[in-house]
Amino acid sequence: MGGETTKPKIDLDIQFDYNSAEISKTSVPSVQALGKALTNPDLKGSTFVVAGHTDAVGGEEYNQGLSERRADSIKRYLTEKFGIAGTDLVTVGYGKTKPKDPSAPIDPINRRVQVVNMDGKTASN
């Protein structure tokens, strides 16, 4: 029985408080679960996108910066607490351009960092 072993898929949202790039207390368990998952040997050598997002309140430029800071704070936490290589984590900020719930652009659900493996390119979507 040959064939590719599919790597565990990571697709996780970490919520943030309004106007904050700090990891909120309620999000810490998610980030820790993520850290543990990323240290899984099956994921060695995988690259992950850490994408920051904001709600639609506030200006374009401000939200862009905030979304980048959110992504950076998750990356920093993962590298410091779990020893994940910074080179395996690609941070990107989308500001308010990709709300999780487009019908409710100011909903707190949109204030998040999404972490996804890049290796999905081989998988058929």
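Residues numbered from 1 in each chain as written. Predicted model: local features only at pLDDT ≥ 70, side-chain atom pairs only at ≥ 80, totals over all residues. Heavy atoms only, no water.

A.B. asks: How would you explain the packing of helix α1 (residues 28-38) against helix α2 (residues 60-82) if you had to name every residue and give the values?
C.D. replies: Between α1 and α2, the least distance of the axes is 10 Å, while the angle of their chain directions is 60 degrees. When the interaxial angle is binned, α1 and α2 end up oblique. Every pair of crossing elements has a handedness; the one defined by α1 and α2 is right-handed. For the pair α1 and α2, the contacting residues are Val28, Val31, Gln32, Leu34, Gly35, Lys36 and Leu38 in the first and Ile74, Tyr77, Leu78 and Phe82 in the second. (Axes fitted to C-alpha atoms, helices over the stretch in contact; angles between N-to-C directions. Helix = DSSP H or I, 4+ residues; strand = E, 2+ residues; numbered from the N terminus. Parallel < 35°, antiparallel > 145°, perpendicular 65-115°, else oblique. Left-handed = near helix turned anticlockwise from the far one by under 90°. Contact = heavy atoms within 4.5 Å.)

A.B. asks: Give me the lowdown on the packing of aromatic side chains, citing residues and values where you can.
C.D. replies: One pass over the structure, following the stated rule, counts one aromatic pair. Above the plane of the ring of tyrosine 94 lies lysine 98, whose end atom (NZ or CZ) is 4.2 Å from the centre. (Phe/Tyr/Trp six-rings, centres within 6.5 Å; stacked < 30°, edge-to-face > 60°. Lys NZ or Arg CZ within 6 Å of the ring centre and 35° of its normal.)

A.B. asks: An account of the nonpolar core is requested, with residue identities and associated values reported.
C.D. replies: If you look at the biggest cluster of nonpolar residues, it comprises 18 residues, and the most contacted ones within it are Leu34, Leu38, Ile74, Leu78 and Val115. For this core, the secondary-structure elements that each account for two or more residues are α1, β2 (48-53), α2 and β4 (112-117). Per-element accounting of this core gives the leading share, four residues, to α2. Once residues lying within four places of it in the same chain are set aside, the contact partners of valine 115 are Ile10, Asp11, Leu12, Ile14, Leu34, Phe48, Val49 and Val50. (Core = buried A, V, L, I, M, F, W, Y, C linked by side-chain atoms within 4.5 Å. Buried < 20%, exposed > 50% of the residue type's maximum accessible area, 1.4 Å probe, protein only.)

A.B. asks: Residue-level account of the pairing of β2, with values.
C.D. replies: Counted residue by residue, β2 has five buried out of six residues, so it is predominantly covered. At this point the chain moves from β2, through α2, to the parallel strand β3 (residues 89-93), and the crossover so formed is right-handed. Pairing between β2 and β4: six bridges, direction antiparallel. Paired with valine 50 across the bridge in β4 is valine 115. (Right-handed = clockwise from strand over helix to strand, strands pointing away. Pairing = 2+ DSSP bridges.)

A.B. asks: So what about the confidence of the model for the protein? Which residues, and what values?
C.D. replies: Across the protein, pLDDT averages 90, with 91% of residues at or above 70. Summarising per-element confidence for the protein, the mean pLDDT is lowest in strand β1 (residues 11-15) (90) and highest in α2 (98). (pLDDT = per-residue confidence, 0-100.)

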